[in-house]
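The chain contents come next:
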Amino acid sequence: MLNQDIGQGEGVYISTYGCQMNVNDTERMLSLLEMVNFVPVQTPEQASLIIINSCSVREKPVHKVHSEVGRYKEMKAQNPRLRIGVAGCVAQQEKQKLLKDMPILDFVCGTDAIDQLPEVVARTYQEKKERVVAARFENEKPYAVDTLIRNPGVATFVNIMKGCDNFCTFCVVPFTRGRERSRNLAELVKDIRGLVARGVKEVTLLGQNVNSYKSDCGADFGQLMKALAEDTDIQRIRYTTSHPKDFNQELVDISQKYRSKICDYIHLPAQSGNSEVLKRMNRGYTREEYLEKVRMIREGIPGVVLSTDLIVGFPGETEAQFEDTVSLLREVRYDNIYAFKYSPRPFTKAAKYTEQVSETDKQRRLEVLLDLQRDISFELARDYDNLTLDVLVEAKTNLEGQLQGRSSQNKLVFFYGGG
Ligand code: SAH
Ligand code: SF4
Ligand code: F3S
């Protein structure tokens, strides 16, 4: 039985890098640590427990873990009660190596070990101070997890699955999050009903590839959306991330049928506009097939807003192949893009490919995409002139009387009004 007073009312500070999955995991960690009497604080200086929830999708956020831990060296020397740990994808990837590389670290807690966090922290506070590594994958167990949100607000994330089996050749996520596992449909309905009862109006369903959701009862993602729309009183449903290869007509039809609840915004990562590059990325679709999915979505859900992720400088990407990504942007006209320079990752196939693209070429290609997108986004923004939008109010801003919220299309809206 775990001592419920490990934290003794002291502060816990978590810094979060990476995707929404990590944002959600940070919430889970805080909820679990509150149960053993830690109190969330806003700065590391106020804390007796500091956790870095890390990301390893590119090299840059991995460096940030090392520099952030380095910044706490002096604090650690001054405060004998301070414990410092790394969680998230770098923790899962490097395990005990992190303790070896960074002597001031007290523990490492992998992506599948979050439930063990209070116990891990407790062990570091025992008289005989232990340095703990908890980073085993729990792939054999069915995936059951409660959305342990302390104060969920009006809009919140809900994990519907974990892991990824796609093994895109550039991506480390299958190695840091393990095999794909989905939560049971009935449990998700119950979880979301519980959130609604606590005042939640909007949920964002999370998974690395939500379109391959499969409940142990056999239901797929479309059926999950239908069940949530029909059997709960949630007002808005968003989801991310969609994989183009698995996005199907059934989901388009369900999105159209339950349009009042399912938001008009789809993030559909293309990664590249060139079929040869897509093949070497192991994405499972060609440029033409991707464009076909875009047509299907736009035809079925008029007015839907699309965004995407793109990688420039994938190994072997020629100038002509890069131009195909430029033309994809012109053809699809996304509202928004997230573009990245390719970064070689451990364990991945592409890191071993010869013909790595130079940093100069990657930088130039990135700027070309961002410049073009800036123009496209600006032109598309004109469509919103004089438009009336339904907005879910999420917060007050710093300006007196001003509120902010999001439209169904995921547009951030600022306005004055309300009481
Ligand atoms: N599951 C999501 C993506 C998760 S990672 C999907 O399949 O789309 C988020 C984004 O980071 C990816 O879409 C990709 O554009 C980018 N990314 C992943 N690995 C990368 C790498 N090695 N270098 C650069 N960008 C990368
Ligand atoms: Fe990574 Fe591909 Fe899985 Fe997305 S689908 S998490 S890019 S391996
Ligand atoms: Fe990063 Fe892990 Fe998310 S690598 S993008 S935090 S799944």
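Scroll up a little and you will see the structure.
Looking now at unusual backbone geometry. For the bond from Thr240 to Thr241, the omega torsion is 5°, close enough to zero to count as cis. Of note in the backbone geometry, Asn37 takes a positive phi value of approximately 70° without being a glycine. By secondary structure assignment, the location of Asn37 is in the loop between α1 (20–35) and β2 (39–40). Positioned with a positive phi, Glu355 is a non-glycine residue whose angle comes to about 65°. Structurally, the position occupied by Glu355 is in the loop between β14 (336–341) and α14 (359–381).

Two side chains of opposite charge can pair, provided their charged atoms sit close to one another. What the rule picks out here adds up to 25 salt bridges. One salt bridge in this structure joins Arg177 and Asp25, with 2.8 Å as the shortest N-O distance. With a gap of 152 residues between them, Arg177 in helix α7 (residues 173–177) and Asp25 in helix α1 connect regions that are remote in the sequence.

Residues in close proximity to ligand 1 total 15 residues, the closest being Phe170, Gln208, Gln271, Asp309 and Ser343. Contact distances for ligand 1 include 3.4 Å between an oxygen atom and a side-chain N or O atom of Arg283. In the complex, 90% of the free accessible area of ligand 1, which totals 540 Å², lies under the protein chains. When residues of the shell around ligand 1 are traced back to their parent elements, those giving at least two are β13 (305–312) and β14. The residue inventory of the shell around ligand 1, partitioned by class, reads six nonpolar, four polar and five charged.

With the rule as written, the count across this model stands at eight aromatic pairs. These aromatic residues form a ring-pair network of at least three members: Phe170, Phe314, Tyr342 and Tyr353. A cation over an aromatic ring shows up here: Arg58 above the ring of Phe340, its NZ or CZ 3.7 Å from the ring centre.

Here we take up the site of ligand 3. Around ligand 3, the neighbouring residues are Cys19, Asn22, Cys55, Ser56, Val57, Cys89, Arg177 and Gln208. A per-class count over the shell around ligand 3 returns four nonpolar, three polar and one charged.

The next point concerns the sheet that holds strand β11 (residues 236–240). Spatially, β7-β10-β11 is the arrangement adopted by the three strands of the open sheet, whose pairing is parallel. Each end of this open sheet is capped by a strand with a single partner; those strands are β7 (155–159) and β11. Between one strand axis and the next, the sheet turns through 25° on average, direction left out of account. Relative to β11, strand β10 (residues 202–206) runs parallel, the two being bridged by five bridges. Looking across to β11, one finds that Glu202 is bridged to Arg236. Running over the sheet, helix α8 (residues 185–197) touches β7 and β10 and is turned about 160° from β7.

In a pair of packed helices, the angle between the axes and the distance between the axes together describe the arrangement. Taken N-terminus to C-terminus, the directions of α8 and helix α9 (residues 221–231) make an angle of 35°; their axes are 10 Å apart at the nearest point. As for the relative orientation of α8 and α9, their crossing is right-handed in sense. Judged by residue contacts, Leu185, Leu188, Val189, Ile192 and Arg193 of α8 engage Gln223, Leu224, Ala227, Leu228 and Asp231 from α9.

Here we take up α9. Phe221, Gly222, Leu224, Met225, Ala227, Leu228 and Ala229 are the residues of α9 that are buried. Considering only its buried residues, α9 is in contact with α8, β10, β11 and α10 (249–257). The distance from a side-chain oxygen at the start of α9 to the backbone nitrogen of Gly222 is 3.2 Å, and the residue carrying that oxygen is Asp220.

What follows concerns the pairing of strand β15 (residues 391–396). Bridge analysis of β15 against strand β16 (residues 402–407) gives five bridges, and the strand direction is antiparallel. Paired with Lys396 across the bridge in β16 is Leu403. Here β15 folds back onto β16 in antiparallel fashion, the turn holding five residues, of which Gly401 has a positive phi close to 80°.

Here we come to the sheet that holds β16. The three strands are arranged β15-β16-β17 in an open sheet whose pairing can be described as antiparallel. With one partner strand each, in any of the chains shown, β15 and β17 (412–416) form the two edges of the open sheet. Put simply, the sheet's adjacent strands are angled 35° from each other on average, direction ignored.

Along the chain, Thr204 turns up in strand β10. With relative accessibility at 11%, the residue Thr204 sits in the buried group. Those residues within four positions of Thr204 in sequence are excluded, and the remaining contacts are Thr156, Phe157, Val158, Arg238, Tyr239 and Thr240.

Before going further, it helps to spend a moment on the pairing of β10. The element β10 is extensively covered by neighbouring structure, given that five of its five residues are classed as buried. Going residue by residue along β10, you find Glu202, Thr204 and Leu206 tucked away on one face and Val203 and Leu205 tucked away on the opposite face as well. Relative to β10, β7 is paired through five bridges, and the arrangement is parallel. Considered in β10, the bridge of Val158 is made with Leu205. At this point the chain moves from β10, through α9, to the parallel β11, and the crossover so formed is right-handed.

Parameters and conventions
- Residues numbered from 1 in each chain as written.
- Chains lettered and ligands numbered in written order.
- Predicted model: local features only at pLDDT ≥ 70, side-chain atom pairs only at ≥ 80, totals over all residues.
- Heavy atoms only, no water.
- Helix = DSSP H or I, 4+ residues; strand = E, 2+ residues; numbered from the N terminus.
- Salt bridge = Lys/Arg side-chain N within 4 Å of Asp/Glu carboxyl O.
- Near = heavy atom within 4 Å.
- Polar contact = N/O pair within 3.5 Å; in protein donor to acceptor, adjacent residues only side chain to side chain.
- Areas by Shrake-Rupley, 256 points an atom, 1.4 Å probe, with all protein chains shown as cover.
- Nonpolar A, V, L, I, M, F, W, Y, C, P; charged D, E, K, R; others polar.
- Phe/Tyr/Trp six-rings, centres within 6.5 Å; stacked < 30°, edge-to-face > 60°.
- Lys NZ or Arg CZ within 6 Å of the ring centre and 35° of its normal.
- Pairing = 2+ DSSP bridges.
- Axes fitted to C-alpha atoms, helices over the stretch in contact; angles between N-to-C directions.
- Contact = heavy atoms within 4.5 Å.
- Left-handed = near helix turned anticlockwise from the far one by under 90°.
- Buried < 20%, exposed > 50% of the residue type's maximum accessible area, 1.4 Å probe, protein only.
- Right-handed = clockwise from strand over helix to strand, strands pointing away.

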